[in-house]
Amino acid sequence: METAHLALKNLKQSYGSTGFTLEVPFFEIETGQRLVVLGENGSGKSTLVRILGLLERPSFGEIYYRGKKVTSNKQVESIRAKIATLFQRPVILAGKVRKNLELISTLRKSDRSEVEKLVSLFELEDLLDRFDRELSLGQTRIVQLALTFLGNPEVIILDEPTSFLDEQRRKNLIELIMQAVKPSQTLIYVTHRLDEALRLGRKIAVLKNGKIAASGSPEVVFTSLKDELTNLYGEISVLKGKVVNVENGLVTVSVNGIQLQGLAEDRLNAGESAALLFRNDAVVLSLKKGGSSVRNTFEAVVEGSEPLVGAGGVYRVAFKQPFYFQALITRSSLEQLSIEPGKRVFASVKASSIRVYKSF
Amino acid sequence: MASLFSILLQGRSDLDFLIYTFAKALKILLVLPSDISGIILLTLELSLLATFFSCLLGFPLAFYLYISTSRFKGVLVTLVNSGLAAPPVVVGLLVFLFLSRQGPLGELNLLYTPAAIVIAETLLGIPVVASLGYAALLSIPAEKLFQLLGWGATFKQALLKLAVEARSGLFAAVMAAFGAIISEVGAVLMVGGNIPEQTRVLTTAIVVETRMGRFERALALATILFVLTVVFNYFFTRAQSSRGDATWKQHIWR
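Student: An account of the overall build of chain B is requested, with residue identities and associated values reported.
Tutor: Scanning chain B for helices and strands turns up 11 helices and zero strands. Scanning chain B from its N terminus toward the C terminus, one meets helices and strands in the order α-α-α-α-α-α-α-α-α-α-α. Taking 18 Å as the expected radius of gyration for a compact globule of 254 residues, we find that chain B reaches 23 Å, considerably beyond that expectation. Projected onto its principal axes, the C-alpha positions of chain B cover 75 × 65 × 35 Å. Distance between charge centres in chain B, computed from 18 positive and 13 negative side chains, equals 8 Å.

Student: Describe the interface of chain B and chain A, with residues and values.
Tutor: Contact with chain B, which involves 22 residues of that partner, is made by 25 residues of chain A. Among the residues of chain B in contact with chain A, F146, Q147 and W151 of chain B are the three that bury the most area, contributing 31% of the side total. For the pair chain B and chain A, the interface holds one salt bridge. E143 of chain B serves as the salt-bridge partner of R89 of chain A, at 3.4 Å between the closest nitrogen and oxygen. Inspection of the region where chain B meets chain A yields 11 residue pairs in polar contact (both at pLDDT 80 or more). Those elements that place two or more of their residues in the side of chain B that touches chain A are α6 (142–150) and α7 (155–165) of chain B. For the side of chain B that touches chain A, the element with the highest residue contribution is α6 of chain B, accounting for seven residues. Class assignment for the residues of the side of chain B that touches chain A results in eight nonpolar, eight polar and six charged.

Student: Describe the packing of helix α8 (residues 167–182) of chain B against helix α11 (residues 215–240) of chain B, and please don't skip the residues or the numbers.
Tutor: All names here are of chain B. Where α8 contacts α11, the axes come no closer than 9 Å and their chain directions differ by 170 degrees. With respect to their mutual orientation, α8 and α11 come out roughly antiparallel. Only L225, L228, T229, F232, N233, F236, T237, A239 and Q240 of α11 make contact with α8, whose side of the interface consists of R167, S168, F171, A172, V174, M175, F178 and I182. Among the residues making up the contact of α8 with α11, the classes are represented as 11 nonpolar, five polar and one charged.

Student: An account of the layout of surface pockets is needed here, citing residue identities and associated values.
Tutor: Quantified by volume, the largest pocket comes out at close to 780 Å³. Residue lining of the largest pocket: 31 residues in total, with A94, D132 and R133 of chain A together with K144 and E165 of chain B positioned closest to the centre. When residues of the lining of the largest pocket are traced back to their parent elements, those giving at least two are α3 (97–107) and α5 (137–149) of chain A together with α7, α8 and α11 of chain B. Looking at the lining of the largest pocket, the element that brings in the most residues is α7 of chain B, giving three residues. Grouping the constituent residues of the lining of the largest pocket by class yields 13 nonpolar, eight polar and 10 charged. Counted as a void, the second largest pocket has a volume near 650 Å³. Forming the walls of the second largest pocket are 19 residues, and the residues nearest its centre are L55, E56, R57, N73 and V76 of chain A. Here the element with the most residues in the lining of the second largest pocket is helix α2 (residues 73–80) of chain A; it accounts for four residues. The residue inventory of the lining of the second largest pocket, partitioned by class, reads 10 nonpolar, three polar and six charged.

Student: Which residues make up the nonpolar core, and what are the values?
Tutor: F122, F149 and I177 of chain A are the most contacted members of the largest nonpolar core, which has 100 residues in total. With nine residues, helix α2 (residues 34–67) of chain B is the single largest residue contributor to this core. The next biggest cluster of nonpolar side chains, apart from the first, holds 31 residues, and it includes V251, V253, F278 and V283 of chain A.

Student: Can you tell me about the pairing of strand β4 (residues 60–65) of chain A, naming the residues and giving the values?
Tutor: Residue and element names in this part refer to chain A. Taken together, the five bridges between strand β1 (residues 6–15) and β4 define a ladder with antiparallel strand orientation. Following the sheet pairing, L8 is matched in β4 by I63. As judged from the two bridges shared by β4 and strand β5 (residues 68–69), these two strands associate in the antiparallel manner. Note on β5: the bridge partner recorded for Y65 is K68. Here β4 folds back onto β5, and the loop between the two strands holds two residues, one of which, R66, carries a positive phi near 50 degrees.

Rules used in this analysis
- Residues numbered from 1 in each chain as written.
- Chains lettered and ligands numbered in written order.
- Predicted model: local features only at pLDDT ≥ 70, side-chain atom pairs only at ≥ 80, totals over all residues.
- Heavy atoms only, no water.
- Helix = DSSP H or I, 4+ residues; strand = E, 2+ residues; numbered from the N terminus.
- Rg over C-alpha atoms; globule rule 2.2 N^0.38 Å.
- Lys, Arg positive; Asp, Glu negative; His and termini not counted.
- Charge placed at Lys NZ, Arg CZ, Asp CG, Glu CD.
- Contact = heavy atoms within 4.5 Å.
- Buried area = accessible area lost by both parts, 1.4 Å probe.
- Salt bridge = Lys/Arg side-chain N within 4 Å of Asp/Glu carboxyl O.
- Polar contact = N/O pair within 3.5 Å; in protein donor to acceptor, adjacent residues only side chain to side chain.
- Nonpolar A, V, L, I, M, F, W, Y, C, P; charged D, E, K, R; others polar.
- Axes fitted to C-alpha atoms, helices over the stretch in contact; angles between N-to-C directions.
- Parallel < 35°, antiparallel > 145°, perpendicular 65-115°, else oblique.
- 1 Å grid on protein atoms, 1.4 Å probe; cavity = no way out; pocket = protein on both sides within 12 Å on 5 of 7 lines; lining within 4 Å.
- Points joined across faces, edges and corners; volume = space filled by probe spheres on them.
- Core = buried A, V, L, I, M, F, W, Y, C linked by side-chain atoms within 4.5 Å.
- Buried < 20%, exposed > 50% of the residue type's maximum accessible area, 1.4 Å probe, protein only.
- Pairing = 2+ DSSP bridges.

Set out below in structure tokens:
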């Protein structure tokens, strides 16, 4: 078995003053992995970032870097030189952007050509002669991000990199990050945004109250964590598939052999993998097919149903075929359709209700 | 009317006295007798030395306070900050007791020497450097330290960079310490003894000259003291001036 790039064992970090505890019995990150850590505010994301970045000494437990246990301070400094961590708060050093690049590239033993490459990738040309105090938070963040990539670090940890950016820049930045990360580099991307997790994650770990509530491929995570995610992001269903074609912003994606159409949130090309997201109340169920303009209609097999807590008379129906998804319907519809496990019904979702993200 | 006239007359004679003193002081400054130039040189030498030692010991203390997570840190910070307000005569008394013949360091025979002055002034300067230096470091967001480490800096490198960021505050600490040291009288008088040509510095000389009624000499010395402070601070202020202030600062609607 290949040794993991970073591993945590029996990790426990508590903060006396707030009573917050981060607890990770076991967690591994493979070399070259793109891991997304998803969690709400206060779930322990930033603590995990500081621990993985070897910036905070855990009170209990062990950290392994390429199979070697990290113990001495000297070891920490030498390993830390191979890890780059971007903090949640946008900060760069006082002085011009150019000087920042010089200082950090000296620190990171990076060469001029790499600096130039990053400057052009992140489009920093116009900012080079600006002082740190003249930059907006968003500009500071992009410079900070470019600095984080300097020196070809083995691990890159990004804590909410897209915060403080406008929507356009945010989408754009994810693409840039994926372009900047080399296949050999391990990326740990921390966010509270579901769409970013969908875009980036081949593996997603969900943090909740200081514990890793689930980890694995997006499909596995979203299936196993449906209730938790529902609490965080509302009643939604997430699907993964391959893009078949794109036309005028309308994307056709094949999910388990079923073709679904939705609105493209990113630039997509045929053959790329995509994540689809829709609200569970956008699903219409019927016993007969057709009769409406809805593009996406398919036969589905019921897995089960349950009343929605706190919403009188509304039920959540889960389906197991042709893929896992959920729908919200009223009690009367439930009775009218005689929903029960194994029942076959037709499900329809308007194409305009489905958002399609590029999945890297 | 007559009384007003006499007051004005009286006032004029006071003014005459002042103008007369200033004129004589100016003459002294222009001639600069050797005893006064000796005092200036000694003052500069001792003050710069004491400022240097205060920085040498005060800045590490400031950095220690900044990175310390000890339970006793709060106490230590309070102590250092209180040191800012330590009455110089008390510090002078303590140094005197240590250096006096019966004191623990009596054998060194340092009392009434320039070294004794430097010791007392350094002790007064350390809390100024440490306290203001600590405050300057605190003004840099802790995230910057973390981010520097995140960019692969060693802890030492990160602290060094942080010091560069905090330099205007750190320079202010040096200026404040120098100001406190060069204007110090009480402790200097006690441990230095104000011996002419040996331990007489500008401040103690001003005291003596004033007591003896040689106001023009006192005024000349005071002017020199003031000029020295301004010159010293000028250089540090230049180094301190921060470029790259937010451009909108000049447009603040005040």
